[in-house]
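Residues per chain, in single letters:
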Amino acid sequence: MNNHQGMLFVGEYHFQYINELSQLQGHRNNSYMHKVAINLRQLMKAHGLSENALARHVEVPQPTVHRVLAGGVADPRDKTLRPLATWFGVSVEQLRTDLPEMEIPSKDGGLYRIRPAKASLMLRDREPDVAVIEVVGRVTTEGNRPAVELAATGRHHPYPADWFTQQNAAPVNVRVLSISGAAMTPTLFEGDQIAVNLADTRIHDGRVHLLISGGGEPELMVRRLFKTPDGKVRVVCDNPDASRYPDDLLDAEDLEKVVIVGRVIDRRGAGGL
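Residues numbered from 1 in each chain as written. Predicted model: local features only at pLDDT ≥ 70, side-chain atom pairs only at ≥ 80, totals over all residues. Heavy atoms only, no water.

> Can you walk me through the overall build of the protein chain in this structure?
Tallying secondary structure elements over the protein chain gives 7 helices and 12 strands in all. Across the 273 residues of the protein chain, 46% fall into the buried class. Accessible surface, the protein chain: about 14,200 Å² in total, of which carbon and sulfur atoms supply 48%. (Helix = DSSP H or I, 4+ residues; strand = E, 2+ residues; numbered from the N terminus. Buried < 20%, exposed > 50% of the residue type's maximum accessible area, 1.4 Å probe, protein only. Areas by Shrake-Rupley, 256 points an atom, 1.4 Å probe, with all protein chains shown as cover.)

What follows is the structure, given as structure tokens:
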């Protein structure tokens, strides 16, 4: 992707956000910096993040995060605020003024709602696209349980900002992966790209999920899952060649060994969800 103008980058890696509205006039003072600190603390509370955890996620030095939170920087540069704003899925000017209304999944399964204190003074016709990080995944082991490790490829894929609201997904929780193999043909073909909401690890009946299989050699796979009346889950390949891609029926014991990485919420390519 060569043209990043007007794009908001999210995730844990390299950021670039170019926006002519990010240079606010008449607000370069300590009281304005206090607004940044208040907004940032509210976002951190919603995500359950400490100063150290936030610094690790956005790759900003912890002392810098602390100074921003303490309101100790009279004239914070956009370069300093961009990674912080981007990780939370907001723009720099929203971090400086008023946060948008947001619903963030909490650890107890509920939603933490952020409401703006007042209508933002920084209005524009269209929010910038959000550039979602493309990753490749591999299965690792944490203790006795398999886990997924996602490594950035350096490529990004633009999505309209309002698309995330429609999908009830926070930009920071979405990643793009490429499909390998023919198990999901004709829904997904080799080389298609999928967007996965990593925060949605519930089983949605009849929908497509990214998961780690159980068994002796766990693998990362994309499959359609169906709940059965007796509490089991049928793992289905959309490929009609049942001899090569048979269904798998999981009982409660099997499900304990399966890890739902996230739900597939979009695809780009020749197939269709």
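> I'm lost on the nonpolar core in this one. Help?
Note on soluble globular proteins: their nonpolar side chains tend to be buried together. In terms of nonpolar packing, the biggest core is built from 24 residues, with Leu 40, Leu 54 and Phe 88 touching the most fellow members. When contributions to this core are tallied by element, the ones reaching two or more residues are helix H1 (30-47), helix H2 (51-58), helix H3 (62-69), helix H4 (78-87) and helix H5 (92-96). Excluding residues that lie within four positions of it along the chain, Leu 40 makes contacts with Leu 54, Val 68, Leu 69, Leu 84, Phe 88 and Leu 95. (Core = buried A, V, L, I, M, F, W, Y, C linked by side-chain atoms within 4.5 Å. Contact = heavy atoms within 4.5 Å.)

> I would appreciate a short explanation of the packing of aromatic side chains in the present structure.
The way to describe two aromatic rings as a pair is by their centre distance and the angle between their planes. Considering all chains together, one arrives at 4 aromatic pairs under this definition. Feature note: the residues Tyr 159, Trp 163 and Phe 164 constitute an aromatic cluster, connected by ring pairs. (Phe/Tyr/Trp six-rings, centres within 6.5 Å; stacked < 30°, edge-to-face > 60°.)

> It is not clear to me how the confidence of the model for the protein chain should be interpreted in this structure. Could you clarify?
When pLDDT is averaged along the protein chain, the result is 77; 74% of the residues meet or exceed 70. Contacts for the low-pLDDT stretch residues 1-32, under 50 throughout, to residues beyond four places or in other chains number 92 contacts. Across residues 117-125, confidence stays below pLDDT 50; counting only partners more than four residues off in sequence or on other chains, it has 14 contacts. (pLDDT = per-residue confidence, 0-100.)

> Looking at this structure, how should I read the packing of H2 against H4?
Relative placement of two packed helices is described by the angle separating their axes and the distance separating the axes. It is at 10 Å that the axes of H2 and H4 come closest, and there the two elements cross at 95 degrees. One finds that H2 runs roughly perpendicular with respect to H4. Contact residues: Leu 54, His 57 and Val 58 in H2; Pro 83, Leu 84 and Trp 87 in H4. Partitioned by chemical class, the residues of the contact of H2 with H4 number 5 nonpolar, 1 polar and no charged. (Axes fitted to C-alpha atoms, helices over the stretch in contact; angles between N-to-C directions. Parallel < 35°, antiparallel > 145°, perpendicular 65-115°, else oblique. Nonpolar A, V, L, I, M, F, W, Y, C, P; charged D, E, K, R; others polar.)

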